[in-house]
Amino acid sequence: MQPIRQGDVILLPVQQVEGQKIPHLTLAEGEVTGHKHRITEGRAELSEKDSTLYLRVISESALLAHEEHKAISIPQGDWMVKIQREYEPEGWRYVAD
């Protein structure tokens, strides 16, 4: 499986999901707009360990939606959720979405 990107969120394939299950499917929330990257269709679970989110897609696929991006299909499997960063002369910063 290849990494999957939607805006500032990138999903990296992992061998297994770790951590404590959390009761929602929001992967990230926009700092400025409040828009959310979230699973809207399919069966999935979200977990957190050491401030890192992990997504397990249980169904054949799940739909990752966001108000400003095209929804994308995430295949069944285990994923680490990361927020991309970019370099500026002042230092590294998270990509604004």
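Residues numbered from 1 in each chain as written. Predicted model: local features only at pLDDT ≥ 70, side-chain atom pairs only at ≥ 80, totals over all residues. Heavy atoms only, no water.

Novice: Is there a simple way to explain the environment of Lys-49 in this structure?
Specialist: Tracing the sequence through the fold places Lys-49 in strand S6 (residues 44–49). Here Lys-49 falls in the partly exposed class, since its relative accessible area comes to 36%. For the pair Lys-49 and Lys-21, spaced 28 residues apart in sequence, the C-alpha to C-alpha distance is 9.2 Å. Ignoring anything within four residues of it in the chain, the contact list for Lys-49 reads Glu-18, Gly-19 and Tyr-54. (Helix = DSSP H or I, 4+ residues; strand = E, 2+ residues; numbered from the N terminus. Buried < 20%, exposed > 50% of the residue type's maximum accessible area, 1.4 Å probe, protein only. Contact = heavy atoms within 4.5 Å.)

Novice: For this particular structure, what's the right way to read the confidence of the model for the protein?
Specialist: Fine structural detail should not be taken from predicted coordinates in areas where pLDDT scores are low. Of all residues in the protein, 82% attain a pLDDT of 70 or more, and the chain-wide mean is 85. Strand S10 (residues 91–94) is the least confidently modelled element of the protein, averaging 48 in pLDDT, while S6 averages 96, the highest of any element. (pLDDT = per-residue confidence, 0-100.)

Novice: I keep staring at the pairing of strand S8 (residues 69–83) and nothing clicks. Help me out?
Specialist: As a general feature of sheets, a regular strand has side chains that alternate between the two faces. As paired strands, strand S2 (residues 9–13) and S8 are joined by five bridges and run antiparallel to one another. Pairing of Val-9 across the sheet is with Ile-83, part of S8. Pairing of strand S7 (residues 52–66) with S8, which is carried by 10 bridges, proceeds in the antiparallel orientation. Counted as the bridge partner of Leu-63 is Ser-73 from S8. (Pairing = 2+ DSSP bridges.)

Novice: When you look at unusual backbone geometry in this model, what are you seeing that I'm missing?
Specialist: Only a minority of non-glycine residues have a phi that is not negative, and only a minority of peptide bonds are not trans. Positive phi, close to 50 degrees, is recorded for Asp-50, a residue that is not glycine. Of note, Asp-50 is situated in the loop between S6 and S7. Located in the positive-phi region is Ser-51, a residue other than glycine, with phi close to 65 degrees. Its relative accessible area of 69% is what places Ser-51 among the exposed residues.

Novice: Would you take a moment to explain the pattern of salt bridges for this structure?
Specialist: Side chains that carry opposite charge are capable of pairing whenever their charged atoms lie near each other. Counted according to the given criterion, the structure contains three salt bridges. The partner of Glu-18 in a salt bridge is Lys-49, and the shortest N-O contact between them spans 2.9 Å. A residue pair is termed long-range when its members are at least 10 positions apart, and Glu-18 in the loop between S2 and strand S3 (20–22) and Lys-49 in strand S6 qualify at 31 residues. (Salt bridge = Lys/Arg side-chain N within 4 Å of Asp/Glu carboxyl O.)

Novice: I would appreciate a short explanation of the nonpolar core in the present structure.
Specialist: Nonpolar side chains tend to gather and get buried jointly when the protein is soluble and globular. Leu-11, Leu-27, Ile-39, Leu-55, Ile-74, Trp-79 and Val-81 are the most contacted members of the largest nonpolar core, which totals 16 residues. Contributions of two or more residues to this core are made by S2, strand S4 (26–29), S6, S7 and S8. Excluding anything up to four places from it in sequence, Leu-11 contacts Pro-3, Ile-4, Leu-27, Leu-55, Leu-64, Ile-74, Trp-79, Met-80 and Val-81. (Core = buried A, V, L, I, M, F, W, Y, C linked by side-chain atoms within 4.5 Å.)

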